[in-house]
Amino acid sequence: GFGAGLGLALASSAFIGGSFVLKKKGLLRLCGRARAGQGGHAYLREWLWWAGLLCMGVGEAANFAAYAFAPATLVTPLGALSVLVSAVLSSIFLNEQLNVHGKIGCILSILGSTVMVIHAPQEEEVSSLESMAEKLKDPGFIVFAVCVLVSSLLLIFVAGPRYGQSNVLVYVLVCSAIGSLSVSCVKGLGIALKELFSGKPVLKEPLGWVLLVCLVICISIQINYLNKALDIFNTSVVTPIYYVLFTTAVMTCSAILFKEWQHMVLDNIIGSISGFLTIVSGIFLLHAFRDMPFSPSLLPLFLQPGRAQPHPPWSSADRHQACQHQPLLPPEDNSSQSAEEEEEE
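Residues numbered from 1 in each chain as written. Predicted model: local features only at pLDDT ≥ 70, side-chain atom pairs only at ≥ 80, totals over all residues. Heavy atoms only, no water.

Looking at an unreviewed UniProt entry, one finds the protein named NIPA2 protein and attributed to Illadopsis cleaveri. Regarding the protein, the UniProt comment filed under Sequence similarities (unreviewed entry) reads as follows: "Belongs to the NIPA family." (UniProt positions renumbered as here; feature names shortened; annotations may be inferred.)

In structure tokens:
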């Protein structure tokens, strides 16, 4: 189960990252026709755009299925690899520049994902809808869900009208908090589908339908407020902040609801947190400095090509001459000063 979930999560990142490149490639082939940014729909005639949409659907389906086999603590952070795949493929097929910060960010994301895979919880705590129902009745999760709903309502109706246009955290926090509940619903529905394929009468269980309705509501709220954040603020600012807050909320919800960290030893907990923070650092470098040009002239002199030795070595005569005392005043000043002294005498 763990291997299947890991494979589905990696495949999901590959398909989703590739879908952005395919759709962008299809949009660039419009050649003067009405672009999407101008309200046109000519992209519907491009097979590359449809191929990208198909890849997006396959990636989301694989991500949906991954939650049924692997812990959410592992699946959710690995979603950052889709950003990495998209950045690398864009630099190859779309001729988009990937500067030094972006390359370092890609390497950090790969290293952090590897560390998280090694230290992630291997056993799944929830394997049926019955156990899912028992987890949902846990007082700790009920308190967490109530806090999420109350804080989201305060952000939407109190902080949103006042600070939503000036503070990027308002709408992103709404998306992240509600997203933690949506991932729990996705995980429950994934388990329900797994039981359905095994021949169990899942359709008669009311819990599956309740999870489906809650998932639709949560995703609708996420899409609404994420679009608001993207419309007001720069994408390079919203994306890394949203990833960090969303993943943190999901990991917290999973720790409370599914008790995924309960049987982990201390070194695995530290490894998972370290891997997550490494991915966060990589995503920040990849997005925050994406539009910043980085030329060799910005490097130190000893690292610039052709300028490894900016100054020739001193000879012994030059060194001896440099150590001698130099006159404080230039020669013309000394001559004028001596002339004034003679006049006074």
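Structure shown, so let's carry the discussion forward.
## Details of the UniProt feature "transmembrane region" (unreviewed entry) in the protein
Residues annotated by UniProt as "transmembrane region" (unreviewed entry) correspond here to residues 47-67, 74-94, 100-120, 141-162, 168-186, 207-225, 237-257 and 269-289. Annotated as 100% helix and 0% strand, the span residues 207-225 places its first and last C-alpha atoms 27 Å apart. (Helix = DSSP H or I, 4+ residues; strand = E, 2+ residues; numbered from the N terminus.)

## Points about the packing of helix α8 (residues 169-197) against helix α9 (residues 206-232)
The interhelical angle for the contact between α8 and α9, taken along N-to-C directions, is 155 degrees, at an axis separation of 8 Å. If you check the angle between α8 and α9, you find them roughly antiparallel. When the axes of α8 and α9 are compared, the crossing they make is left-handed. Here the contact of α8 with α9 is built from residues that sort into 19 nonpolar, five polar and one charged. (Axes fitted to C-alpha atoms, helices over the stretch in contact; angles between N-to-C directions. Parallel < 35°, antiparallel > 145°, perpendicular 65-115°, else oblique. Left-handed = near helix turned anticlockwise from the far one by under 90°. Nonpolar A, V, L, I, M, F, W, Y, C, P; charged D, E, K, R; others polar.)

## Considering the pattern of salt bridges
The final tally for this structure, using the stated rule, is one salt bridge. For K200, the salt bridge is made with E195, and the minimal N-O distance between the two is 3.9 Å. (Salt bridge = Lys/Arg side-chain N within 4 Å of Asp/Glu carboxyl O.)

## With respect to a nonpolar patch on the surface
Residues I142, V146, V150, L153, L154, F157 and V158 make up a contiguous nonpolar surface patch of roughly 650 Å² in combined accessible area. Here V146 is to be found in helix α7 (residues 139-163). (Patch = residues over 30% accessible without salt bridge, like charges linked within 9 Å, V, L, I, M, F, W, Y side chains within 5 Å. Areas by Shrake-Rupley, 256 points an atom, 1.4 Å probe, with all protein chains shown as cover.)

## Observations concerning α8
Each turn of an α-helix holds 3.6 residues, which means side chains three or four residues apart point in the same direction. Between its terminal C-alpha atoms α8 stretches 41 Å, which fits the 42 Å expected from 29 residues at 1.5 Å a residue. Largest kink in α8: about 25 degrees, centred on G179. The element α8 is extensively covered by neighbouring structure, given that 23 of its 29 residues are classed as buried. With its phi angle positive at about 100 degrees, G199 sits one or two positions after the end of α8. (Expected span 1.5 Å × (residues − 1). Bend = angle between axes of the 7 residues up to and from the residue. Buried < 20%, exposed > 50% of the residue type's maximum accessible area, 1.4 Å probe, protein only.)

## As for the confidence of the model for the protein
In the predicted model, the protein carries a mean pLDDT of 78, and the fraction of residues at 70 or more is 79%. Mean pLDDT values over the elements of the protein span from 47, in helix α12 (residues 316-323), up to 92, in α7. For residues 35-39, every residue scores under 50 in pLDDT, and the model assigns this stretch six contacts once sequence neighbours within four places are set aside. In the model, residues 313-326 has pLDDT below 50 throughout and makes two contacts with residues more than four positions away in sequence or in other chains. (pLDDT = per-residue confidence, 0-100. Contact = heavy atoms within 4.5 Å.)

## Structural notes on the side chain of T76
Take T76: it is sitting in the loop between α3 (72-75) and α4 (80-93). Not counting residues within four places of it along the chain, the set of residues in contact with T76 comprises Y67, V183, Y243, F246, T247 and V250.

## Side note on the environment of K25
Checked against the element boundaries, K25 lands in helix α1 (residues 2-28). Judged by relative accessible area, which is 35%, K25 ranks as partly exposed. Between the alpha carbons of K25 and W49 there is a distance of 7.4 Å; along the sequence they are 24 residues apart.

## Things to note about the packing of aromatic side chains
All chains considered together, the criterion is met by two aromatic pairs. Pairing Y171 with Y225 gives two aromatic rings, centres 5.6 Å apart and planes at 35 degrees, and the pair type is tilted. Of this pair, Y171 sits in helix α8 while Y225 is found in helix α9, placing the two residues 54 residues apart along the sequence. The pair formed by Y171 and Y225 is uniform in burial state, with each residue classed as buried. Ring centres of Y242 and F246 lie 5.5 Å apart, and the angle between their planes is 20 degrees; this geometry places the pair in the stacked category. With Y242 and F246 both in helix α10 (residues 235-257) and four residues apart, this pair spans about one turn of that helix. Since its relative accessible area comes to 17%, Y242 is described here as buried. For the cation-ring pair, K187 lies above F258, with the distance from its terminal atom to the ring centre recorded as 5.4 Å. Directly above the ring of F69 sits K194, whose terminal nitrogen or CZ lies 5.0 Å from the centroid. (Phe/Tyr/Trp six-rings, centres within 6.5 Å; stacked < 30°, edge-to-face > 60°. Lys NZ or Arg CZ within 6 Å of the ring centre and 35° of its normal.)

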